[in-house]
Each structure stands twice: as C-alpha cells, then as structure tokens.
Amino acid sequence: MKITTFDPLILSPKADDVIEVFGALGFEKTHAPVTETETMDITSTRMKDINGFHVDVADLNILPQDMIYIRMNVDDFSEAYDILIRHGFKNTRGDGTVETGYSRSATMVSPSGFTIVLVEHIKKD
C-alpha cells in the first residue's frame, strides 16, 4: 500500500474565511470538487503553496466550529483500512464508506482521538 497524499483537512462552517487565510499565506486553489453524501453535498477546496505543501478546506456549515483532520489518500483502501482497524481505529460509519464515482472514503478515529479521512481515488480506464 502506498500513501499518495497526506495533509491537513480543515472542516469549517466558515470555509471562505479559512481559504482567505491560507491564500494570504501563499496557498492557491488547485481545485474544489463536490462530494455527494447521504445528507449533503460537501465542497472541499484543495490548496497548494510554492513549496508543494497542501491543505484541504471542506465547507460544512452544520458544524459549530472548525475541526482538523488528516487526509490520507492511498492506492489500496482495503489494506490501509485493515491496518488502521488493527491499530484500534474506529470507522465513524460502522463498516460503511462514502462511495462516489471517483473515490471511496471512510473517517477513521484513533484510540487517542485524532482522525484520519482515508481516501482511495478510483481510476477510470
């Protein structure tokens, strides 16, 4: 299993404000995909600076305040998921995942409380 992306993911009810701060720090928007979930559509803005660092900002107006997660993209979701489970992580959806036409993801919480959003992009032939 290979980790292809590892960066902070900020979930925010005021995503535009967060994006503005990172813009002032030299980050530029690279893309902003919309993910459809069972309850809402979530826009996640990916930003990158000249050094190659990334930050993702997800617009979740249902939250009372910002939350910070780690986004980890992998090339083998099942293998990464099993590793996290063996280390005591719990999936916030039980055994469920968010499946879109382009990705599969699960929010995994460690025994000590930090959270990883595990993502595998689905490659279309």
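Please refer to the structure higher up on the page.
Right, let's walk through the structure included here. (Residues numbered from 1 in each chain as written. Predicted model: local features only at pLDDT ≥ 70, side-chain atom pairs only at ≥ 80, totals over all residues. Heavy atoms only, no water.)

For an α-helix, the turn length of 3.6 residues means that residues three or four places apart are oriented alike. Ala 15, Val 18, Ile 19 and Phe 22 are the residues of helix α1 (residues 15–24) that are buried. Burial along α1 is one-sided: seen end-on, the buried residues are contained in an arc of 100°. Facing away from the buried side of α1 by more than 90 degrees, the exposed set consists of Asp 16, Glu 20 and Ala 24. Looking one or two residues past α1, Gly 26 carries a phi angle of roughly 105°, positive in sign. (Buried < 20%, exposed > 50% of the residue type's maximum accessible area, 1.4 Å probe, protein only. Helix = DSSP H or I, 4+ residues; strand = E, 2+ residues; numbered from the N terminus. Arc of directions from axis to C-beta.)

All right, on to a nonpolar patch on the surface then. There is a patch of nonpolar side chains on the surface, built from Met 1, Ile 3 and Phe 6 and spanning about 300 Å² of accessible area. One can find Ile 3 in strand β1 (residues 3–12). You can call Ile 3 partly exposed: its relative accessible area is 43%. (Patch = residues over 30% accessible without salt bridge, like charges linked within 9 Å, V, L, I, M, F, W, Y side chains within 5 Å. Areas by Shrake-Rupley, 256 points an atom, 1.4 Å probe, with all protein chains shown as cover. Salt bridge = Lys/Arg side-chain N within 4 Å of Asp/Glu carboxyl O.)

For the rest of this paragraph, the subject is the packing of aromatic side chains. Aromatic ring pairs are described here by two measures, namely the spacing of the ring centres and the angle between the planes. Going through the model one piece at a time under the given rule, you end up with 3 aromatic pairs. Ring geometry for Phe 22 and Phe 27: centres 5.5 Å apart, planes at 85°, overall edge-to-face. Just as Phe 22 is buried, Phe 27 falls in that class too. Geometrically, the ring pair formed by Phe 89 and Phe 114 is edge-to-face, given 5.5 Å between the ring centres and 80° between the ring planes. Highlighted residues: Phe 89 in the loop between α2 (77–86) and β7 (90–91) and Phe 114 in the loop between β9 (103–109) and β10 (115–121), separated in sequence by 25 residues. By relative accessible area, which is 8% here, Phe 89 ends up buried. For Phe 114, a relative accessible area of 40% puts it in the partly exposed group. (Phe/Tyr/Trp six-rings, centres within 6.5 Å; stacked < 30°, edge-to-face > 60°.)

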